[in-house]
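Fold and contact review
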Amino acid sequence: MSSLKHLIQNENMKIYRRPRTWLMIGFLVLALALMSGLMKWDEIRYGDDNWKQNMTQQTERLQKDLVDNKDTNPEYTNYLVDEIKLNEYYLANDINPHEQSLWDYVNNSAMLILLITILTVIVAADMIAAEFSWGTIKLLLVGPASRTKIMLSKYIATMGFALLLLIISFVVAFIAGAILQGFSGVSVPELSIGADGLIHESSKFITSLQKYGYSIVSLLMYVTMAFMISAAFRSSTMAIAFSLLFMLVGNSLTAIFSSYEWVKYLLFANIDLTQYLDGATPIRPDMTLGFSVMILAAYYLLFQLVSWILFTRRDVAA
Amino acid sequence: MQEAVLQLRNVTKVIGGRKIVDDLSFDVPAGEVFGFLGPNGAGKTTTIRMIVGLISMSKGEVFVKGISVRKQFEQAMTHIGAIVENPEMYKFLTGYQNLVHFARRHSGVSKQRIDEVVKLLGLQNRIHEKVKRYSLGMRQRLGVAQAILHKPSVLILDEPTNGLDPAGIRELRDYLSKLTKEDGIAVIVSSHLLSEMELMCDRVAIIQGGKLINVRSLQDGHDSMQSKVVIDVSNLPSAYQLLTDSFKDIEVSIIGNQLELKTDKARIPDITRVLVKADFDIYGIFASQQSLEEQFLEMTGGEMVV
Ligand SMILES: Nc1ncnc2c1ncn2[C@@H]1O[C@H](COP(=O)(O)OP(=O)(O)O)[C@@H](O)[C@H]1O
Ligand SMILES: [Mg+2]
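Residues numbered from 1 in each chain as written. Chains lettered and ligands numbered in written order. Predicted model: local features only at pLDDT ≥ 70, side-chain atom pairs only at ≥ 80, totals over all residues. Heavy atoms only, no water.

**Overview of the overall build of chain A**
Looking only at helices and strands, chain A has 12 helices and two strands in total. Judged by the C-alpha coordinates and their principal axes, chain A covers about 75 × 50 × 30 Å. By the burial criterion, 46% of the 318 residues in chain A qualify as buried. In chain A, 77% of the contacts between residues at least 6 apart in sequence involve partners at least 24 apart. Carbon and sulfur atoms provide 65% of the accessible area of chain A, an area that totals close to 16000 Å². Looking at charge distribution, chain A has the averaged site of its 23 positive side-chain charges lying 19 Å from that of its 26 negative ones. (Helix = DSSP H or I, 4+ residues; strand = E, 2+ residues; numbered from the N terminus. Buried < 20%, exposed > 50% of the residue type's maximum accessible area, 1.4 Å probe, protein only. Contact = heavy atoms within 4.5 Å. Areas by Shrake-Rupley, 256 points an atom, 1.4 Å probe, with all protein chains shown as cover. Lys, Arg positive; Asp, Glu negative; His and termini not counted. Charge placed at Lys NZ, Arg CZ, Asp CG, Glu CD.)

**Re the sheet that holds strand E7 (residues 154–158) of chain B**
All names here are of chain B. Ordered by their spatial adjacency, six strands build an open sheet running E6-E7-E8-E3-E9-E10, and the pairing between neighbours is mixed. Looking at the sheet topology across the chains shown, the edges are occupied by strand E6 (80–83) and strand E10 (211–217). When the angles between neighbouring strand axes are averaged without regard to direction, this sheet yields 15 degrees. Relative to strand E8 (residues 186–191), E7 runs parallel, the two being bridged by five bridges. In the sheet register, leucine 155 faces E8, and the bridge partner there is valine 187. Contacts from helix H1 (residues 44–51) reach strand E3 (33–37), E6, E7, E8 and strand E9 (203–208) within the one sheet, and its direction differs from that of E7 by about 145 degrees. (Pairing = 2+ DSSP bridges. Axes fitted to C-alpha atoms, helices over the stretch in contact; angles between N-to-C directions.)

**Observations concerning the site of ligand 1**
Every residue lining ligand 1 is accounted for by Ala317(A), Ile15(B), Arg18(B), Ile20(B), Pro39(B), Asn40(B), Gly41(B), Ala42(B), Gly43(B), Lys44(B), Thr45(B) and Thr46(B). Lying at an intersection of chains, ligand 1 is approached by residues of chains A and B. Measuring from an oxygen atom of ligand 1, one finds a backbone N or O atom of Gly43(B) at 3.0 Å. Within the backbone of Lys44(B), one N or O atom sits 2.8 Å away from an oxygen atom of ligand 1. Notes on ligand 1: free accessible area 560 Å², of which the protein chains cover 63%. (Near = heavy atom within 4 Å. Polar contact = N/O pair within 3.5 Å; in protein donor to acceptor, adjacent residues only side chain to side chain.)

**Considerations on the domain arrangement of chain A**
It is common to give the size of an interface as the accessible area lost on bringing the parts into contact. Residues and elements named next belong to chain A. The domain boundaries assigned to chain A delineate domain 1 (2–47 + 98–312) and domain 2 (48–97). Here the C-alpha centre of domain 2 lies 36 Å away from the C-alpha centre of domain 1. Each partner contributes residues to the interface: domain 1 has 11 residues there, and domain 2 has 10 residues. Of the roughly 1000 Å² buried at the junction of domain 1 and domain 2 (both faces included), carbon and sulfur atoms supply 61%. The largest per-residue losses of area from domain 1 upon contact with domain 2 belong to His98, Leu191 and Ile193, which jointly make up 49% of the total buried on that side. The tally of links between domain 1 and domain 2 comes to zero residue pairs in polar contact (both at pLDDT 80 or more). Mapped by element, the contributors of at least two residues to the side of domain 1 that touches domain 2 are strand E1 (190–193) and strand E2 (199–202). In terms of residues, the side of domain 1 that touches domain 2 owes the most to one element, E1, which gives three residues. Partitioning the side of domain 1 that touches domain 2 into residue classes produces five nonpolar, four polar and two charged. (Domains from an automatic or database assignment. Buried area = accessible area lost by both parts, 1.4 Å probe. Nonpolar A, V, L, I, M, F, W, Y, C, P; charged D, E, K, R; others polar.)

**Examining the domain arrangement of chain B**
The domains assigned to chain B are domain 1 (4–217) and domain 2 (227–289). A C-alpha centroid distance of 42 Å is found between domain 1 of chain B and domain 2 of chain B.

**Here's the deal with the pairing of E9(B)**
All names here are of chain B. Most of E9 sits out of view: five of its six residues are buried. Judged from the four bridges that link them, E3 and E9 form a sheet pairing that is parallel. Looking at the pairing, phenylalanine 36 lines up with alanine 205 of E9. One ladder, built from six bridges, connects E9 with E10; its direction is antiparallel. For isoleucine 207, the partnering residue across the bridge sits in E10 and is leucine 212. Where E9 hands over to E10, the hairpin turn is made up of two residues, of which glycine 209 adopts a positive phi near 55 degrees.

**With respect to the pattern of salt bridges**
Residue and element names in this part refer to chain A. On inspection of all chains with the given rule, the structure shows 31 salt bridges over all chains. Here lysine 14 ties to glutamate 11 by a salt bridge, and the two come within 3.2 Å at their closest N and O atoms. Residue lysine 14 and its partner glutamate 11 are located together in helix H1 (residues 4–16), separated by three residues, close to a single helical turn. Taking the relative accessible area as the measure of exposure, lysine 14 reaches 5% and is therefore buried. Taken together, the shared-partner salt bridges connect Glu11, Lys14, Glu131 and Lys154 into one network. (Salt bridge = Lys/Arg side-chain N within 4 Å of Asp/Glu carboxyl O.)

**Concerning the pairing of strand E1 (residues 4–15) of chain B**
Residues and elements named next belong to chain B. Looking at chain direction, E1 and strand E2 (residues 18–29) are connected through eight bridges and run antiparallel. Among the inter-strand pairings, leucine 6 is bridged to a residue of E2, identified as valine 28. Here E1 runs beside strand E4 (residues 59–64); their pairing, made up of five bridges, is antiparallel. Paired with leucine 8 across the strands is valine 62, a residue of E4.

**Digging into a nonpolar patch on the surface**
Residue and element names in this part refer to chain A. Taken together, the side chains of Phe233, Met238, Phe242, Leu245, Leu248 and Val249 define a hydrophobic patch exposed on the protein surface, amounting to about 550 Å² of accessible area. Considering each element in turn, the nonpolar patch owes the most residues, five residues, to helix H10 (residues 236–256). For phenylalanine 242, the position within the fold is in helix H10. Phenylalanine 242 sits in the partly exposed class, given a relative accessible area of 34%. (Patch = residues over 30% accessible without salt bridge, like charges linked within 9 Å, V, L, I, M, F, W, Y side chains within 5 Å.)

**Observations regarding the interface of chain B and chain A**
The interface of chain B with chain A comprises 30 residues on the first partner and 30 residues on the second. Summed over both sides, the interface between chain B and chain A buries roughly 2800 Å², with carbon and sulfur atoms accounting for 58% of that surface. Where Asp315(A) meets Lys13(B), a salt bridge forms, and the shortest distance between an N and an O atom there is 2.7 Å. Applying the counting criterion to the chain B and chain A interface returns 20 residue pairs in polar contact (both at pLDDT 80 or more). Of all the secondary structure elements, the ones that give two or more residues to the side of chain B that touches chain A are helix H2 (73–77) and helix H3 (95–103) of chain B. By residue class, the composition of the side of chain B that touches chain A is 13 nonpolar, 10 polar and seven charged.

**Let's talk about helix H2 (residues 19–45) of chain A**
Structurally, the α-helix is built with 3.6 residues per turn, so residues lying three or four positions apart point the same way. Here H2(A) spans 39 Å end to end across 27 residues, near enough to the 39 Å set by a 1.5 Å rise per residue. Restricting attention to buried positions, one finds in H2(A) the residues Thr21(A), Met24(A), Ile25(A), Leu28(A), Ala31(A), Leu32(A), Met35(A), Ser36(A), Met39(A) and Glu43(A). (Expected span 1.5 Å × (residues − 1).)

**Some words on unusual backbone geometry**
Although it is not a glycine, Lys65(B) sits at a positive phi angle of roughly 50 degrees. Classification of Lys65(B) by relative accessible area gives partly exposed; the value is 39%.

**Overview of the nonpolar core**
Core analysis: the largest hydrophobic core is formed by 155 residues, its most contacted members being Leu6(B), Val52(B), Ile80(B), Leu155(B), Ile156(B) and Leu176(B). At 13 residues, helix H8 (residues 147–181) of chain A tops the list of elements feeding residues into this core. Residues within four places of Leu155(B) in sequence aside, it is in contact with Gly81(B), Ala147(B), Ile148(B), Leu176(B), Leu179(B), Ile185(B), Ala186(B), Val187(B) and Ile188(B). Counting 15 residues, the second largest nonpolar core, distinct from the first, contains Val229(B), Ile231(B), Leu261(B) and Phe280(B). (Core = buried A, V, L, I, M, F, W, Y, C linked by side-chain atoms within 4.5 Å.)

Have a look at this one:
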């Protein structure tokens, strides 16, 4: 009987021996390099030696704004109050918030997790469907490995690929940041105003990790969805098309229908967990973090179950 | 006969209300090349797909060394090597990497074993080239290599001669007989070409419309002929009745105004004695032999492609 370890080795061999995979990795690295370069260019262009003076002026402007808008919009005035508080703190403690540290590079690279999700969706879409289009599914299944084991090995290999891309993105952004900014800003804290109205310092490293963590939720869901469609329709094109379609229209769909209660049961309404962070508002007021986690878990199990049934129970007559 | 390593019992496949494979039962012993002969669409590939678990059986069981493919799939598959239709390989991998891929699924296939199989099939010169540059014949051989890596007890090849030239077919026959005679494995080969079956097989099962029509031995010239005895006799229906009752092991049928018995010359004295004792008038007795080809043509209504 086949061991799972060997089956995963096989799947990895089939992923990393394809030139396409290295093209994708190269593309990701290029995107990271481009982003880092743009950040540096931006900093040089707007580089200010007299940031204290600028910030003092900005704070004055904000204060004037505050007086003008006293009774109009409480949300806006709250925002102004917070900004003023932060600016005063920066000035008092001699922290330039616009000076980029290498953590800002890592932090911004989290935006590229959308790209990582798309690349992994492409790989996931091929995992089962390509074996059918290549005709290799017959040889793959005629062996001492149950279909459940083969499916599991394919899923694990896909997730391994996602993990590799995430690590590459984190490390490349860190290195680019270190090259462009040096290590001087490594320990500069991230400042934010909490619900208590006080200023909090937090580690930028932790903030970066959190950003990655939240983005991984949607990566996990969309990749699992692509995997399911690949198993269901045995077509890579369909798996990629549907997953990308849902990724693109999911948000606008929830926005359009957000006044209806059923929206909260949609995958897209729950996939962005940053809506429960301080200062953000959930799509519907009756949604909580626990609720979203439960809905996500339910979708995840549903995707896995559907893939499993369709892959293990159906005749292979290709 | 030796122990049967592959047993089919009432194997049936129904798709959309149509019986594509209808109640097949047969045994294949170790050390035999068993042919699975039938015109296109007879249900050969469908049967093979059921044996290897690619599609489910509507009814019946397949046993490999006594292990049920349906109930203990993984254990049963450790004893099977197969190619179903064309041997499609991973084209972006080399031949060797493909073999490593398939070897890893089994426990205990060493590097030496891979090299040994590569040599057996004469692939050593180009094994490190990408499969997309292989000819069809080389892909066939790589397919066979992948199927025998783990020394299976049963090797199943679906239409292995497709796309092979006569020299290739002769080679295939040579290493198949090596595998059966030296390693004692059972080989099942399907084909729609009688001439190829006669070259390669010890026995053939003829299948048509999903039904097993006959299993015949091809081991020597005499056996490959099916003998029949034709009797010209009075009072046909009661003679038919008498003979079916007296000879339970012989298939009797009425063809035109004669009786036809599927048996050979040695039984003629017995048969005449019974008929004479019962006062039938005999006008003539002929023994004749029918070749597999004639039988195949007759069975398949001349649809055969040779
Ligand atoms: N998945 C399927 N659905 C419907 N009919 C099928 C399917 N697979 C095979 N058949 C039919 O079953 C018959 C037997 O096919 P097959 O086993 O491929 O024959 P062979 O291999 O002997 O040429 C054919 O008539 C074919 O059209
Ligand atoms: Mg066929």
